[in-house]
Amino acid sequence: MERYDSLANLKDCLAQTGMYTLDGTTLVDVELSAYAAGLKLVLDAYEELLGELFVETAETYGLSCWENALGCSFSHVSLAKRRKMLLGQLAVSENDYTVSCLEQALDSVGIVATITEQPAEQAITVVVTDAVRVVEKTQAAVKTLAELVLPAHLSVRYDFTSVPYLQADA
């Protein structure tokens, strides 16, 4: 983004009136410099906000805002992984109902798993193979995250045998 030179803009606007001498020696020059300093604070905050609005450019509070809106936090992983996971979650749509899409959706919340379908029972089995990106290393935490992306109308069975480091449900 090109930097906006507020001091030059202010001087140009006043010079066009022909009423002011703006040669750097007058009180008007000093006053305009003070205005420009105040505007710089506003413009810097605006540029930061603009960067934090989008997942692709956010670095701090913008990512936290997106995570809060989606109901999960990934502040414990690297910035690149955090962005990738958020973008994965935001990419899920009503048309993502295939097994591979659901597996990708689970990956976007930090769960690596394979899904098998049992259509006659209106159920799926989620075999969790990795959950190291999940903050809380419990089966309950994994289930809570999975509920964010799995279809609500299906019964879900979980298999945690591949991830012995997850604490079992109490």
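What counts as what
- Residues numbered from 1 in each chain as written.
- Predicted model: local features only at pLDDT ≥ 70, side-chain atom pairs only at ≥ 80, totals over all residues.
- Heavy atoms only, no water.
- Helix = DSSP H or I, 4+ residues; strand = E, 2+ residues; numbered from the N terminus.
- Rg over C-alpha atoms; globule rule 2.2 N^0.38 Å.
- Buried < 20%, exposed > 50% of the residue type's maximum accessible area, 1.4 Å probe, protein only.
- Contact = heavy atoms within 4.5 Å.
- Areas by Shrake-Rupley, 256 points an atom, 1.4 Å probe, with all protein chains shown as cover.
- Lys, Arg positive; Asp, Glu negative; His and termini not counted.
- Charge placed at Lys NZ, Arg CZ, Asp CG, Glu CD.
- Pairing = 2+ DSSP bridges.
- Axes fitted to C-alpha atoms, helices over the stretch in contact; angles between N-to-C directions.
- Disulfide = S-S within 2.5 Å.
- Polar contact = N/O pair within 3.5 Å; in protein donor to acceptor, adjacent residues only side chain to side chain.

A. Expanded view of the overall build of the protein. Helix and strand content of the protein: six helices and three strands. Moving toward the C terminus, one meets the helices and strands of the protein in the order α-α-α-α-α-β-β-α-β. Rg of the C-alpha trace for the protein: 26 Å, well past the compact-globule value of 15 Å for 170 residues, more than 25% over. Overall, the protein is about 85 × 30 × 20 Å in size when its C-alpha atoms are taken along their principal axes. Within the protein, buried positions represent 28% of all 170 residues. Here the analysis covers contacts within the protein between residues at least 6 apart in sequence; of these, 46% occur between residues at least 24 apart. With an accessible surface of roughly 10600 Å², the protein has 58% of that area assigned to carbon and sulfur atoms. Taken together, the 11 basic and 24 acidic charged side chains of the protein have centroids lying 7 Å from each other.

B. Representation of the sheet that holds strand β1 (residues 112-118) within the structure. Ordered by their spatial adjacency, three strands build an open sheet running β1-β2-β3, and the pairing between neighbours is mixed. Pairing within the sheet leaves two strands with one partner each, and these edge strands are β1 and β3 (155-159). Going from strand to strand, the sheet's axes swing by 25° on average, the running direction of each strand aside.

C. Structural view of the state of the cysteines. As enumerated under the stated definition, the model contains zero disulfides in all. Cysteine Cys65 is unpaired, with the sulfur of Cys72 as its nearest cysteine sulfur at 13 Å.

D. Local environment of the side chain of Gln139. Topologically, Gln139 is positioned in helix α6 (residues 139-147). Residue classification places Gln139 among the buried residues on the basis of a relative accessible area of 15%. Ignoring any residue separated from it by four or fewer positions in sequence, one finds Gln139 in contact with Phe160, Leu166, Gln167, Ala168 and Asp169.

E. Geometry of the environment of Thr116. Within the element layout of this structure, Thr116 appears in strand β1. Residue class for Thr116 comes out partly exposed when judged on its relative accessible area of 40%. Each C-alpha atom, one on Thr116 and one on Ala36, is 62 Å from the other, the two residues being 80 residues apart in sequence. Not counting residues within four places of it along the chain, the set of residues in contact with Thr116 comprises Ala123, Ile124 and Thr125. Among the polar contacts made by the side chain of Thr116, one reaches the side chain of Gln118 at a distance of 3.4 Å.

F. Layout of the environment of Ala45. The residue Ala45 is located in helix α2 (residues 27-53) in this model. Given a relative accessible area of 42%, Ala45 falls into the partly exposed group. Through-space distance from the C-alpha of Ala45 to that of Met19 is 33 Å; in sequence the pair is 26 residues apart.

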